[in-house]
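The primary structure of each chain is shown beneath.
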Amino acid sequence: MIVSLINWLTDPNMQWILMGSLLLGLGTGVIGSFTFLRKQSLLGDALAHAALPGICIAFMLSGVKSIGLFMIGAVLAGVVATFGIHAITRYSRIKQDAALGIVLSVFFGIGVVMMTKIQHSGNGNQSGLDKYMFGQAASMMLSDVYLVGIVSLILVAVCTLLFKEFKLVSFDPGFARGMGLRVGLLEQLLLLMTVIAVVVGIQAVGVVLVAALLITPAVAARYWTDALSVMVILAGLFGALSGVTGTLISGTLSNLPTGPVTVLAATSLFVVSAVFAPNRGLVAKLVRRLRQRNDLRRSFESAVVDMPGISQRTQAAERSAD
């Protein structure tokens, strides 16, 4: 296994794929922090599943597998799904979580039907299209890696330039509106960036699990800090580490799809954070609780000893017992 890993790392094509996975995890982790803070975690899952019919339609119209065309189709499908969610919540009594579930199920069902039809169409170019379900980073071409890297860097750059605005919109949109910020435009920009982050991650992680790469690093980073800037940086690092780990394991072991392995790597980071984080982790909470219990016991014992008459009766009882 070590020899195969060394050979894999020395391959120039594999190095580019590894770099693409790293940048992908970085971009999704950063934008996922704002998605998580705005309590729209399920939105990423809905957009990921809604992207599948867009990918299928793009392939049926073009007949070729191109991540650029797939991105256009997936973005358009994501926009349609977003409008569908907004229409359901606005013109009915259905709440947003139920609307997200409806749109997710309907679009994913349509995508699976289209995928099945493409696989039985006899088109030779459809080979490997099913990899978009669970992800396969090794199937990326050099041009795909360039596109993923450029898009991820753009997402990080936009979040860096508009960090203060996104921070206000995420925590207090009313205050941001009072300061004169165009909250609606910023929210739509965040939504568009979420859609793009989901779309670029589909080939590496798959439509089924890309939402986990968007949210899990952000949740893990939240355990380590209360500062948003530090949380965003940690989420990007956790996402990059998850992407690299998932790609390495799936590339060195046969019959392992990239998506599930990457998500398991991100989940491992979450478990470590949830258990060993210095302030919010389970170990820190247990230690803090034991210290509080010991402090309370000492305070009670000192209060009992200092109460008038108690110490004398206690000493008399001890003498009578002797």
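Here, every reference points to the structure presented above.
Predicted model, so just to flag it, every value in this text is computed and none were measured. (Residues numbered from 1 in each chain as written. Predicted model: local features only at pLDDT ≥ 70, side-chain atom pairs only at ≥ 80, totals over all residues. Heavy atoms only, no water.)

### Looking at the packing of helix α3 (residues 41–62) against helix α12 (residues 210–222)
As a reminder of what qualifies: To get an axis, fit a line to the C-alpha atoms, keeping to the stretch in contact for a helix; angles then go from 0 to 180 degrees between the N-to-C directions. Comment: elements are numbered from the N terminus, with helices defined as DSSP H or I runs of at least four residues and strands as E runs of at least two. Angles below 35 degrees are treated as roughly parallel, those above 145 as roughly antiparallel, those between 65 and 115 as roughly perpendicular, and all remaining angles as oblique. Take the far helix as your reference; a near helix turned counterclockwise from it by less than a right angle gives a left-handed crossing, and one turned clockwise gives a right-handed crossing. The criterion used for residue contact is that any of the two residues' heavy atoms lie within 4.5 Å.
Relative orientation of the contacting elements α3 and α12 amounts to 160°, with a least axis distance of 8 Å. Overall, the two elements α3 and α12 adopt an arrangement that is roughly antiparallel. α12 is crossed by α3, and the crossing has right-handed handedness. The residues of α12 that touch α3, namely those facing Ser41, Gly44, Asp45 and Ala48, are Val210, Ala211, Leu214 and Ile215.

### Section: the side chain of Arg38
Threshold: A simple rule labels every residue: compare its accessible area, found with a 1.4 Å probe on the protein chains alone, to the largest value its type can have, and call it buried under 20%, exposed over 50%, or partly exposed in between. Positive charge is attributed to Lys and Arg, negative charge to Asp and Glu, and no charge count is given to His or to the chain ends. Within this document, salt bridges are pairs made up of a side-chain nitrogen of Lys or Arg and a carboxyl oxygen of Asp or Glu, the two lying within 4 Å of each other.
For Arg38, the location among the structural elements is in the loop between α2 (12–37) and α3. Salt bridges are absent for the buried Arg38, whose nearest opposite-charge side chain, Glu187, sits at 4.2 Å. Discounting chain neighbours no more than four positions away, the residues touching Arg38 are Val169, Ser170, Glu187 and Leu190.

### Quick word on the pattern of salt bridges
Applying the stated criterion to the full structure yields three salt bridges. Connected via shared salt-bridge partners are Arg222, Asp226 and Arg280.

### Remarks on the nonpolar core
Which entries qualify depends on this criterion: Joining through side-chain atoms within 4.5 Å is the link that ties buried Ala, Val, Leu, Ile, Met, Phe, Trp, Tyr and Cys residues into a set, and such a set is a nonpolar core.
With 71 residues, the main nonpolar core has Ile31, Phe34, Cys159 and Phe166 as its most contacted residues. With 11 residues, α3 is the largest single contributor of residues to this core.

### Details of a nonpolar patch on the surface
Here is the rule we go by: Patch building starts from residues that exceed 30% relative accessible area and form no salt bridge, then joins like charges within 9 Å and nonpolar side chains (Val, Leu, Ile, Met, Phe, Trp, Tyr) within 5 Å. For accessible areas, the Shrake-Rupley method is used with a probe of radius 1.4 Å. Any residue's cover is judged against the shown protein chains and nothing else.
Among the surface-exposed residues, Trp16, Met19, Leu22, Leu142, Tyr146, Ile150 and Ile154 lie close enough to one another that they form a single nonpolar patch of about 640 Å² accessible area. For the nonpolar patch, the secondary-structure elements that each account for two or more residues are α2 and α7 (142–161). Counting residues per element, the nonpolar patch draws most heavily on α7, at four residues. Position of Ile154 relative to the elements: it lies in helix α7.

### What about the packing of aromatic side chains?
Selection criterion: Two rings from Phe, Tyr or Trp (for Trp, the six-membered ring) form a pair when their centres are within 6.5 Å of each other. A pair whose planes differ by under 30 degrees is stacked, one over 60 is edge-to-face, and the rest are tilted.
For the coordinates displayed, the defined rule picks out three aromatic pairs. Relative to Phe163, the ring of Phe34 lies with its centre 6.4 Å away and its plane at 70°, an arrangement referred to as edge-to-face. Taken together, the residues Phe34 in helix α2 and Phe163 in helix α8 (residues 163–171) connect sequence positions 129 residues apart. When its relative accessible area of 1% is taken as the criterion, Phe34 is described as buried. Judged by centre distance (5.6 Å) and plane angle (70°), the rings of Phe34 and Phe166 are edge-to-face.

### Points about the environment of Leu264
With respect to the element layout, Leu264 can be found in helix α14 (residues 258–276). Between the alpha carbons of Leu264 and Gly246 there is a distance of 7.9 Å; along the sequence they are 18 residues apart.

### Quick look at the environment of Gly68
One can find Gly68 in helix α4 (residues 67–91). Judged by its relative accessible area of 27%, Gly68 is partly exposed. A sequence separation of 80 residues divides Gly68 from Val148, and the C-alpha atoms of the two residues are 9.7 Å apart.

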